[in-house]
Amino acid sequence: MDHFIAGGAGTAFITGASSGIGATFARTLAERGHGLILTARREERLQALAGELRERFGVHAEVVPADLTRDTDLDRLVELVSGREDLSYLVNNAGFGTMGRFVDIDAAKPRNMLRVHCEAAVRLSHAALPGMIALGRAAIINVSSVAGFVAAGGSAMYGSTKAFLIAFSEALGLELRDTEVRVQALCPGFTYTEFHDSPEFKARWDRSDIPKMLWLSAERVVHISLRALDRNRPVCVTGFRYRLIIALARNPLMRPLLRRFSKRRER
Ligand SMILES: NC(=O)c1ccc[n+]([C@@H]2O[C@H](COP(=O)([O-])OP(=O)(O)OC[C@H]3O[C@@H](n4cnc5c(N)ncnc54)[C@H](OP(=O)(O)O)[C@@H]3O)[C@@H](O)[C@H]2O)c1
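What counts and how
- Residues numbered from 1 in each chain as written.
- Predicted model: local features only at pLDDT ≥ 70, side-chain atom pairs only at ≥ 80, totals over all residues.
- Near = placed C-beta within 6 Å.
- Helix = DSSP H or I, 4+ residues; strand = E, 2+ residues; numbered from the N terminus.
- Nonpolar A, V, L, I, M, F, W, Y, C, P; charged D, E, K, R; others polar.
- Core = buried A, V, L, I, M, F, W, Y, C linked by C-beta atoms within 7 Å.
- Buried ≥ 20, exposed ≤ 12 C-beta atoms within 10 Å, placed from the backbone.
- Contact = placed C-beta atoms within 7 Å.
- Pairing = 2+ DSSP bridges.
- Axes fitted to C-alpha atoms, helices over the stretch in contact; angles between N-to-C directions.
- Right-handed = clockwise from strand over helix to strand, strands pointing away.

Novice: What exactly am I supposed to notice about the site of the ligand here?
Specialist: In the vicinity of the ligand lie 26 residues, with Gly 16, Gly 20, Arg 41, Arg 42 and Gly 95 positioned nearest. With three residues, helix α1 (residues 20-31) is the single largest residue contributor to the shell around the ligand. Class assignment of the residues belonging to the shell around the ligand gives a composition of 11 nonpolar, 11 polar and four charged.

Next up, the structure:
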């Protein structure tokens, strides 16, 4: 199948490109010949990745360090994408998790999560869209999560900000149906990245708590996302197992089981 966006066409703007799923989007899209604008807080990581991709694939790769919790940094990125007519991809991928009951977490965390997951995606999409529509074939990929479908204690902000991204992406996609811009909510399940390496996760959680069959590589997640984009699927859940889990979790008969799972996570 031909790709929805032809190889080499335009530039991909990727947030959270310093590791995990974002860095994998960068590698995959560079391999297809797209230019890159990479952003995240860790500049050395971004520079190393940009250097590697320039050398391996001969693409243009620009680095813009930014902390999406800071107004001035987000303003700068919004300005950077406004008016451009070469953005074929906007990948709103930056994100982080928290563990513990909402009432107990540090007050800065919910605010920062709203900014990184929701405000950044909304403002960057708004700024980039006119140029993307003018360009023709282009895509916005908002990296949500399976957690956006399943209410679970211990991550009230995470699940609800990711649910926002699903609703926002679906509605935006509908509004853009007469253009050549596609919008995808990418909903990965557990993925091997640095996401679960934060001190907060390490103190309370271990990857081995989750059965191996539920883990995916970042390469697999990105492959599934780009294939779903080619097939024009606006909500992309990574794999049959997760589609089944979501269907079961939405069944009222499963509520008691979910309540028990939630309780364990809130400790
Ligand atoms: N891994 C999973 O199991 C999983 C499952 C479902 C969904 N997701 C989602 O996938 C996305 C990517 O996460 P990942 O799994 O690839 O984890 P990761 O390896 O930890 O990558 C997260 C990225 O977000 C960036 N980021 C975090 N806070 C930021 C901030 N304040 N400003 C700018 N950038 C920031 C990080 O860069 P810096 O630290 O350099 O700023 C990093 O590049 C996230 O939205 C996450 O919610 C992950």
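Novice: What should I look at first to understand the nonpolar core in this one?
Specialist: Ile 14, Ala 26, Leu 36, Leu 38, Leu 87 and Tyr 89 are the most contacted members of the largest nonpolar core, which totals 67 residues. Element by element, the count of residues in this core is highest for helix α4 (residues 108-135), at nine residues. Ignoring anything within four residues of it in the chain, the contact list for Leu 36 reads Thr 11, Ala 12, Ile 14, Ala 26, Leu 29, Ala 30, Ala 50, Leu 53, Val 59, Ala 61 and Glu 62.

Novice: Got a minute to help me understand the sheet that holds strand β1 (residues 11-15) in this structure?
Specialist: Strands in a sheet are paired, the pairing made by backbone hydrogen bonds, and the direction either parallel or antiparallel. The seven strands are arranged β3-β2-β1-β4-β5-β6-β9 in an open sheet whose pairing can be described as parallel. In this open sheet, the two strands that pair with only one neighbour each are β3 (61-65) and β9 (235-237). Going from strand to strand, the sheet's axes swing by 15° on average, the running direction of each strand aside. Of the pairings in the sheet, the one linking β1 to strand β4 (residues 87-92) comprises four bridges and is parallel in character. Looking at β4, one finds that Ala 12 is bridged to Tyr 89. Across the sheet, helix α2 (residues 43-57) lies against β2 (35-40) and β3, angled at about 175° from β3, the strand it touches most.

Novice: How do you make sense of the pairing of strand β6 (residues 181-187) when you look at a structure like this?
Specialist: The side chains of a regular strand alternate between both faces of the sheet. The element β6 is largely enclosed, with a buried count of seven among its seven residues. Because side chains alternate across β6, one face comprises the buried residues Val 181, Val 183, Ala 185 and Cys 187, and the other comprises Arg 182, Gln 184 and Leu 186, equally buried. In terms of strand pairing, strand β5 (residues 138-143) meets β6 through six bridges, oriented parallel. Bridge pairing links Ala 138 to Val 181 in β6.

Novice: Could you clarify how one ought to interpret unusual backbone geometry in this entry?
Specialist: Both trends apply: most residues other than glycine have a negative phi, and most peptide bonds are in trans. Phi at Asn 232 is positive, roughly 60°, even though this residue is not glycine. Examined against the element boundaries, Asn 232 turns out to sit in the loop between α7 (218-230) and β9. Judged by C-beta crowding, with 10 C-beta atoms within 10 Å, Asn 232 ranks as exposed.

Novice: Explanation requested: the pairing of β4 in the structure shown.
Specialist: Of all six residues that make up β4, six are buried, and the element is covered over most of its length. Relative to β5, β4 is paired through four bridges, and the arrangement is parallel. Across the sheet, residue Asn 92 finds its bridge partner in β5, namely Asn 142. For the segment spanning β4, α4 and β5, crossover handedness is right-handed.

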